[in-house]
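Now for the letters of each chain:
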Amino acid sequence: MFDWNDLKVFLAVAREGSTLAAARSLGVNQSTVQRRLADLESQLGQRLVERLPSGYRLTELGTALLPYAEGVAAQAEVFAQAVRDLGRASIGIIRLTCPEPIAFRLTQSGILDRFHAAHPNLKVEFVLSDQYVDLAKGEADVALRSGDTEDSILVGRKIADSLWAIYASRQYVERHGAPATIADLARHPLIAFEESMAKHRTVSWFKEVAPDATYAARNTSVLGLIYAAKAGVGVAPLPMSLGDAEPDLIRIIGPVTELTRAWRILTHPDQRHTARISAFFDFVLKESDALRPILTG
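Every value quoted in this text rests on a predicted model; they were computed, and no experiment measured them.

K.L.:
What exactly am I supposed to notice about the overall build of the chain here?
P.N.:
Check the secondary structure of the chain and you find 13 helices and 12 strands. Rg of the C-alpha trace for the chain: 25 Å, well past the compact-globule value of 19 Å for 297 residues, more than 25% over. The dimensions of the chain, computed from C-alpha atoms along their principal axes, are 80 × 50 × 30 Å. Within the chain, the fraction of its 297 residues that count as buried is 43%. Measuring between centres, the 33 positive side-chain charges of the chain sit 2 Å from its 35 negative side-chain charges.

As structure tokens, this is what we get:
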């Protein structure tokens, strides 16, 4: 039987082209990579790689065996994911991903307390991010997600509308006035998401309606937008559920129809009918009336 750690080293050298780069990708010493590769070749009785001045190149045998090693790696990941999933199921953990402000509002609303009371053997853990985490890779079990999703594999239900508007602080409006129309946005400093979140609808919308505008601040989270708006440095697009709740902010335009999307509860189809995920889905759909003010405003 081959040692899986030796096969991982072989794959890393094949992908990286050198033992040093392979060591970095695996988080081990270069000598460990060289030793394990030599052990594997010793078991086979044949060379898998050959050393060149520019690095390592697979031999004919190494090239032929590479897809089989990749297949072992894929199955090992499937096994590891199954272990993680079954481990969470056995202790009743549901990892819920959503934006940080929504997690706060859910916690304050008492909805999760009611879920835990109804299902004392289950526990919700938050995976907080304004960017989409990958449910297919097991980064979370369930997502509360607004906007467009490129992952057509996920399954779920719409539970509310996501409404956005334009906000500014009272201090900003007193000093600089407020844009009366969307066309006026170009004459005010904008607060927006960074280019790393270029797929967010507010980023493309600003480029369309105010292509020549200046930007006062950029951030990677909705909370960052809120803090910048409250600081009075410019005007910001915000979910109405959050912007309307801030006493220091004024809704100056909106809701903006072009920014309206749906809030959905989503999961991977492999998870949908497991007992813990089904219990959470059923509870969320039952509580949809209580969820709408939290998500929509």
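Moving on from the model shown.
K.L.:
Sorry, what's going on with the nonpolar core here?
P.N.:
Side chains of nonpolar character tend, in soluble globular proteins, to be buried together. In terms of nonpolar packing, the biggest core is built from 32 residues, with Ile166, Leu185, Val235 and Leu238 touching the most fellow members. Only strand E7 (164-169), strand E8 (190-193), helix H8 (201-209), helix H9 (222-230), strand E10 (236-239), helix H10 (240-243) and strand E11 (249-253) provide two or more residues apiece to this core. Setting aside its immediate chain neighbours within four residues, Val235 contacts Ile166, Tyr167, Ala168, Tyr172, Pro179, Leu185, His188, Pro189, Leu190, Ile191 and Ile252. Formed by 26 residues, the second largest nonpolar core is a distinct cluster that contains Cys98, Leu112, Phe281 and Val284.

K.L.:
Any chance you could explain the pattern of salt bridges here in plain terms?
P.N.:
Side-chain pairs of opposite charge can arise where the charged atoms are in close proximity. Inspection of every chain in the model, using the stated rule, returns 14 salt bridges. Its salt-bridge partner being Asp161, residue Lys158 comes within 2.8 Å of it at the nearest N-O pair. On the basis of relative accessibility, which here comes to 49%, the residue Lys158 falls in the partly exposed class.

K.L.:
Please clarify how helix H2 (residues 19-26) should be interpreted in this entry.
P.N.:
Residues separated by three or four positions in an α-helix point in the same direction, a consequence of the helix having 3.6 residues per turn. Within the sequence span of H2, burial applies to Thr19, Ala21, Ala22 and Ala23. Buried positions along H2 lie against helix H1 (4-16), helix H3 (30-44) and strand E2 (55-58). Where H2 begins, the capping side chain belongs to Ser18, and its oxygen is found 3.0 Å from the backbone nitrogen of Ala21. Immediately beyond the C-terminal end of H2, within one or two residues, lies Gly27, with a positive phi of roughly 75 degrees.

K.L.:
Would you mind going over empty space enclosed by the protein with me for this structure?
P.N.:
To find the voids left in a structure, one rolls a probe of water-molecule size over its atoms. Counted by the stated rule, this structure contains one cavity of 30 Å³ or more. The calculated volume of the largest cavity comes to roughly 70 Å³. Along the walls of the largest cavity sit Leu106, Ile111, Leu112, Leu144, Phe280, Phe283, Val284 and Leu291, which together make up its complete lining. Elements supplying a minimum of two residues to the lining of the largest cavity: helix H6 (111-118) and helix H12 (275-286). Sort the elements by how many residues they give to the lining of the largest cavity and H12 lands first, with three residues. Residues belonging to the lining of the largest cavity are distributed by class as follows: eight nonpolar, no polar and no charged.

K.L.:
Even after reading the chapter, I still don't get the sheet that holds strand E6 (residues 155-162), so can you show me in this structure?
P.N.:
Neighbouring strands of a sheet are bound in pairs by backbone hydrogen bonds; such pairs are parallel or else antiparallel. Read across the sheet, five strands follow the order E4-E3-E5-E12-E6 without closing on themselves; strand pairing throughout is mixed. The strands lining the two open edges of the sheet, one partner per strand, are strand E4 (123-128) and E6. The mean angle between the axes of side-by-side strands here comes to 20 degrees, regardless of whether they run parallel or antiparallel. Its contacts with the sheet place H6 against strand E3 (93-98) and E4, and it is angled at close to 145 degrees to E4.

K.L.:
Sorry if this is basic, but what is going on with the environment of Ala183 here?
P.N.:
Along the chain, Ala183 turns up in the loop between helix H7 (170-176) and E8. Using a relative accessible area of 53% as the deciding quantity, one classes Ala183 as exposed. Along the chain, Ala183 and Phe2 lie 181 residues apart, while their C-alpha atoms are 66 Å from each other.

K.L.:
What am I meant to see in the pairing of E7 here?
P.N.:
Of all the six residues making up E7, six are buried; the element is thus mostly covered by neighbouring parts of the structure. Every second residue of E7 is oriented toward a common face, with Trp164, Ile166 and Ala168 on one face and Ala165, Tyr167 and Ser169 on the other, all of them buried. Inspection of the sheet shows E7 paired to E10 by four bridges, in the antiparallel sense. What sits directly across from Tyr167, in E10, is Ala236. In this structure, E7 lies alongside E11, joined through four bridges in antiparallel fashion. Bridging across to E11, Tyr167 finds its partner in Arg251.

K.L.:
Help me understand the sheet that holds E11, please; the structure alone is not making it clear to me.
P.N.:
An order of E10-E7-E11 is seen for the three strands of this open sheet, with the pairing classed as antiparallel. At either end of the open sheet lies a strand with only one pairing partner, and these are E10 and E11. Strand-to-strand twist across the sheet, computed as the mean angle between neighbouring axes with direction ignored, equals 55 degrees. Its contacts with the sheet place H9 against E7, E10 and E11, and it is angled at close to 130 degrees to E10.

K.L.:
Could you clarify how one ought to interpret the environment of Ala118 in this entry?
P.N.:
Within the fold, Ala118 resides in helix H6. A sequence separation of 165 residues divides Ala118 from Phe283, and the C-alpha atoms of the two residues are 9.0 Å apart.

Reading guide: rules and limits
Chains are numbered independently. Their residues run from 1 in the order of the written sequence. In keeping with the predicted nature of the model, local features appear solely for residues at pLDDT of at least 70, side-chain atom pairs appear and are counted solely at 80 or more, and the whole-chain, interface and lining totals rest on all residues. Excluded from the side-chain calculation are hydrogens and water; included are all heavy atoms of the structure. The helix count covers DSSP runs of H or I at least four residues long, the strand count covers runs of E at least two residues long, and both are numbered beginning at the N terminus. We compute the radius of gyration from the C-alpha atoms alone; for a globule the expected value is 2.2 Å times N to the 0.38, where N is the number of residues. Relative accessibility under 20% of the residue-type maximum defines a buried residue, over 50% an exposed one, and the middle range a partly exposed one, all with a 1.4 Å probe and only protein chains included. Charged residues are defined here as Lys and Arg on the positive side and Asp and Glu on the negative side; His and the ends of the chain fall outside this count. For charged residues, the charge sits on one atom: NZ in Lys, CZ in Arg, CG in Asp, CD in Glu. As used in this record, nonpolar core signifies buried Ala, Val, Leu, Ile, Met, Phe, Trp, Tyr and Cys residues forming a set joined through side-chain atoms within 4.5 Å. Whether two residues are in contact is decided by their heavy atoms, any of which lying within 4.5 Å being enough. Every case where a carboxyl oxygen of Asp or Glu lies within 4 Å of a side-chain nitrogen of Lys or Arg is listed as a salt bridge. Throughout this description, a polar contact denotes any pair of N or O atoms lying within 3.5 Å of each other; where both atoms belong to protein, one of them has to be capable of donating a hydrogen while the other can accept it, and for residues adjacent in sequence the pair is counted only when both atoms sit in side chains. A cavity here means a set of 1 Å grid points, computed over protein atoms only, where a 1.4 Å probe fits but cannot escape. A pocket is an open set with protein on both sides within 12 Å along at least 5 of 7 lines, and lining residues have an atom within 4 Å of a point. Grid points are joined across faces, edges and corners, and a volume is the space filled by probe spheres set on the points. Ten residues, namely Ala, Val, Leu, Ile, Met, Phe, Trp, Tyr, Cys and Pro, are considered nonpolar, four, namely Asp, Glu, Lys and Arg, are considered charged, and the remaining ones, Gly among them, are considered polar. At least two DSSP bridges between two strands are needed for those strands to be called paired. Angles run from 0 to 180 degrees between N-to-C directions of axes, and those axes are lines fitted to C-alpha atoms, restricted for helices to the stretch in contact.

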